[in-house]
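Residue-level listing of the chains:
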Amino acid sequence: MISYSARVSEMDGIGNSTQKRAAELERMAEVLVTGEQLRLRLHESKVIKDRRHHLRTYPNCFVAKEILDWLIEHKEASDRDTAITIMQKLSDQSIIHHVCDEHKEFKDMKLFYRFRKDDGTFPLDSQAKVFMRGQRIYEKLMNTENCTLLQTREEEGVTYERTLVASEFIDWLLQEGEMPTREEAERLGRRLLEHAIIQHVSNKHHFVDGGLLYQFRMNFRRRRRLMELLNERCRSIPENQDSPFCLRKQGSEGGNTSFLSVSPTKEIKVVSAVRRSSMSSSCGSSGYYSSSPTLSSSPPVLCNPKSVLKRQVSPEELQAPGGPYIKKTFTIVGDAVGWGFVVRGSKPCHVQAVDPGGPAAAVGMKVCQFVVAVNGMNVLSLDYRTVSNLILTGPRTVVMEVMEEGEY
């Protein structure tokens, strides 16, 4: 039998070629995620619908000329030429196509186009299947108590956040029925690494059943901007440093250095329109969570990292009889990305930012409101990390009870 150390050594030789291939597949995966986010967003906006032409009905399609208007209106493209380039990129990657496959070039005309996922013609090659499998495993881990598999751990004297122990990950794959044997589960782990879905924390090892640590390299829930499709080398909007799936390591002195992070200035921090996704459970002082796998209709929001509150109030003050605060209840149905707001603070938390194009804004949520309860659970004594986790791990429809100062 080959020893564990020998197997690790055997796998170490993958080197630059595998990493280069993984980077190429990561770019492909980013296009797929971005395209899927756009598809869901267009369905939500009723831009995609059944249309008739010459007595024939074309289901689930959009008009090229109208989509270019929509992209500019929603600030996904600065002009029509850029919008055409974005849509051509999606066409070249077999994400969209002309309904009759008569036009290879995306044209600024009243032509019908359709997402291949809406008509069953999306090419499910082996790479796409691994990518979709990885995304399903990612969501499965995030949406259940299995998120406990992801913990802060140490390897070779360095502490890494949100890590998976390879052997525990394999145990989970077997338990969930994802794979029938440990050998096949290990092969799946290797495919996930080769397709840039996971990676060894320091990029030194391939995936092997044992005690090595791995992290998700992709945050499927991060909101993608369509302009990122035009950047061949890397994403134009990096992962929010507060994302729990942002690759982060902690040095021995406690300082954080993110592999993929936004570098905020002293006054302003850029975050993609806040949505369901990476609600940070370990994000230091800022408490933002970046947006996720499908999109909002608004551009990135500039948020001041300082509290929006004029002053902090206590739970007793909020609930005092005859006090100035009134209670409101919002039922927020998350869209493909999430709910569209940020909470911050502690005992009680407050709404720090609201995406103007998101579900929360649509029902009337505003900044400076204090969070009283989430899905019937009183959270006045909790901090924003705990409240964020309650929202993230709960149902798509979240009932938020808040209190705000009345107008007199």
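Residues numbered from 1 in each chain as written. Predicted model: local features only at pLDDT ≥ 70, side-chain atom pairs only at ≥ 80, totals over all residues. Heavy atoms only, no water.

1. Here's the deal with the side chain of Arg51
Right, so step 1: Take Arg51: it is sitting in strand E1 (residues 49–53).
Right, so step 2: With a relative accessible area of 12%, Arg51 lands in the buried category.
Right, so step 3: From its side chain, Arg51 meets the backbone oxygen of Cys61 in a polar contact 3.1 Å long.
Right, so step 4: Apart from the residues lying within four places of it in its own chain, the contact partners of Arg51 are Arg56, Thr57, Tyr58, Cys61, Phe62, Val63, Glu66 and Phe112. (Helix = DSSP H or I, 4+ residues; strand = E, 2+ residues; numbered from the N terminus. Buried < 20%, exposed > 50% of the residue type's maximum accessible area, 1.4 Å probe, protein only. Polar contact = N/O pair within 3.5 Å; in protein donor to acceptor, adjacent residues only side chain to side chain. Contact = heavy atoms within 4.5 Å.)

2. What about helix H7 (residues 166–175)?
An α-helix turns once every 3.6 residues. As a result, residues three or four positions apart point the same way.
Right, so step 1: Taken as a whole, H7 has its buried residues at Ala166, Phe169, Ile170, Trp172 and Leu173. For H7, the arc enclosing every buried residue in end-on projection is 160°, short of the 170-degree limit, so these residues lie on one face.
Right, so step 2: Buried-residue contacts for H7 involve helix H6 (126–142), strand E6 (158–165), helix H8 (182–194) and strand E8 (213–216).
Right, so step 3: Note on H7: the residue one or two positions beyond its end, Gly177, has a positive phi of about 75°. (Arc of directions from axis to C-beta.)

3. Description of the pattern of salt bridges
Right, so step 1: As enumerated under the stated definition, the model contains 25 salt bridges in all.
Right, so step 2: A salt bridge links Glu76 to Arg41; the shortest N-O distance between them is 2.7 Å. Taken together, the positions of Glu76 in the loop between helix H3 (64–73) and helix H4 (80–92) and Arg41 in helix H2 (residues 15–44) put the pair 35 residues apart, joining distant regions of the chain.
Right, so step 3: Exposure remark for Glu76: the relative accessible area of 1% places this residue in the buried category.
Right, so step 4: By relative accessible area, which is 2% here, Arg41 ends up buried.
Right, so step 5: Ionic pairing is found between Arg116 and Asp101, a salt bridge with its closest N-O pair at 3.9 Å. Taken together, the positions of Arg116 in helix H5 (residues 116–119) and Asp101 in the loop between strand E3 (96–98) and strand E4 (112–115) put the pair 15 residues apart, joining distant regions of the chain.
Right, so step 6: Look at Arg116 and you get buried, because its relative accessible area is 17%.
Right, so step 7: Among the ionic contacts, a cluster of salt bridges with common partners joins Arg133, Arg136, Lys140, Glu176 and Glu178. (Salt bridge = Lys/Arg side-chain N within 4 Å of Asp/Glu carboxyl O.)

4. Looking at unusual backbone geometry
Right, so step 1: Omega for the peptide link from Lys347 to Pro348 comes to 5°, which places this bond in the cis form.
Right, so step 2: Here Pro348 lies in the loop between strand E14 (341–345) and strand E15 (349–354).
Right, so step 3: In this model, Leu55 sits at a positive phi of 65°, which is unusual for a non-glycine residue.
Right, so step 4: Along the chain, Leu55 turns up in the loop between E1 and strand E2 (56–63).
Right, so step 5: The phi dihedral of Asp101 is positive, around 55°, even though this residue is not glycine.
Right, so step 6: Its relative accessible area of 43% is what places Asp101 among the partly exposed residues.

5. Quick look at the nonpolar core
Right, so step 1: In this structure, Phe62, Ile67, Met87, Phe106 and Phe169 are the most contacted members of the largest nonpolar core, which totals 58 residues.
Right, so step 2: Where this core is concerned, the elements lending two or more residues are H2, H3, H4, E4, H6, H7, H8 and E8.
Right, so step 3: Tallying contributions element by element places H2 first for this core, with eight residues.
Right, so step 4: Discounting residues that sit within four places of it in the chain, Phe106 has contacts with Phe62, Ala64, Ile67, Leu68, Ile84, Met87, Gln88, Ile96 and Tyr113. (Core = buried A, V, L, I, M, F, W, Y, C linked by side-chain atoms within 4.5 Å.)

6. As for the packing of H6 against H7
Right, so step 1: Direction vectors running N to C along H6 and H7 enclose 95°, while the axes themselves pass 13 Å from each other. Relative to H7, the element H6 lies roughly perpendicular. Judged by residue contacts, Ile137, Lys140 and Leu141 of H6 engage Phe169, Trp172 and Leu173 from H7.
Right, so step 2: Partitioning the contact of H6 with H7 into residue classes produces five nonpolar, no polar and one charged. (Axes fitted to C-alpha atoms, helices over the stretch in contact; angles between N-to-C directions. Parallel < 35°, antiparallel > 145°, perpendicular 65-115°, else oblique. Nonpolar A, V, L, I, M, F, W, Y, C, P; charged D, E, K, R; others polar.)

7. What about the pairing of E15?
Right, so step 1: Taken across its six residues, E15 has six buried, putting it largely inside the fold.
Right, so step 2: Both E14 and E15 contribute to a ladder of five bridges, which runs antiparallel. Residue pairing in the sheet places Val343 in a bridge with Val351 of E15.
Right, so step 3: Where E14 folds back onto E15 in an antiparallel hairpin, the turn is made up of three residues, including Lys347, whose phi is positive at roughly 50°. (Pairing = 2+ DSSP bridges.)

8. Considering the sheet that holds E1
Right, so step 1: Read across the sheet, four strands follow the order E1-E2-E4-E3 without closing on themselves; strand pairing throughout is antiparallel. The sheet terminates laterally at E1 and E3, the two strands that pair on one side only. In this sheet, neighbouring strand axes are inclined to one another by 55° on average, regardless of whether the strands run parallel or antiparallel.
Right, so step 2: Here two bridges tie E2 to E4, and the two strands are oriented antiparallel to one another. Each bridged residue has a counterpart across the sheet, and for Val63 the counterpart in E4 is Phe112.
Right, so step 3: Relative to E2, H3 is tilted by about 25°, and along the sheet it contacts E1, E2 and E4.

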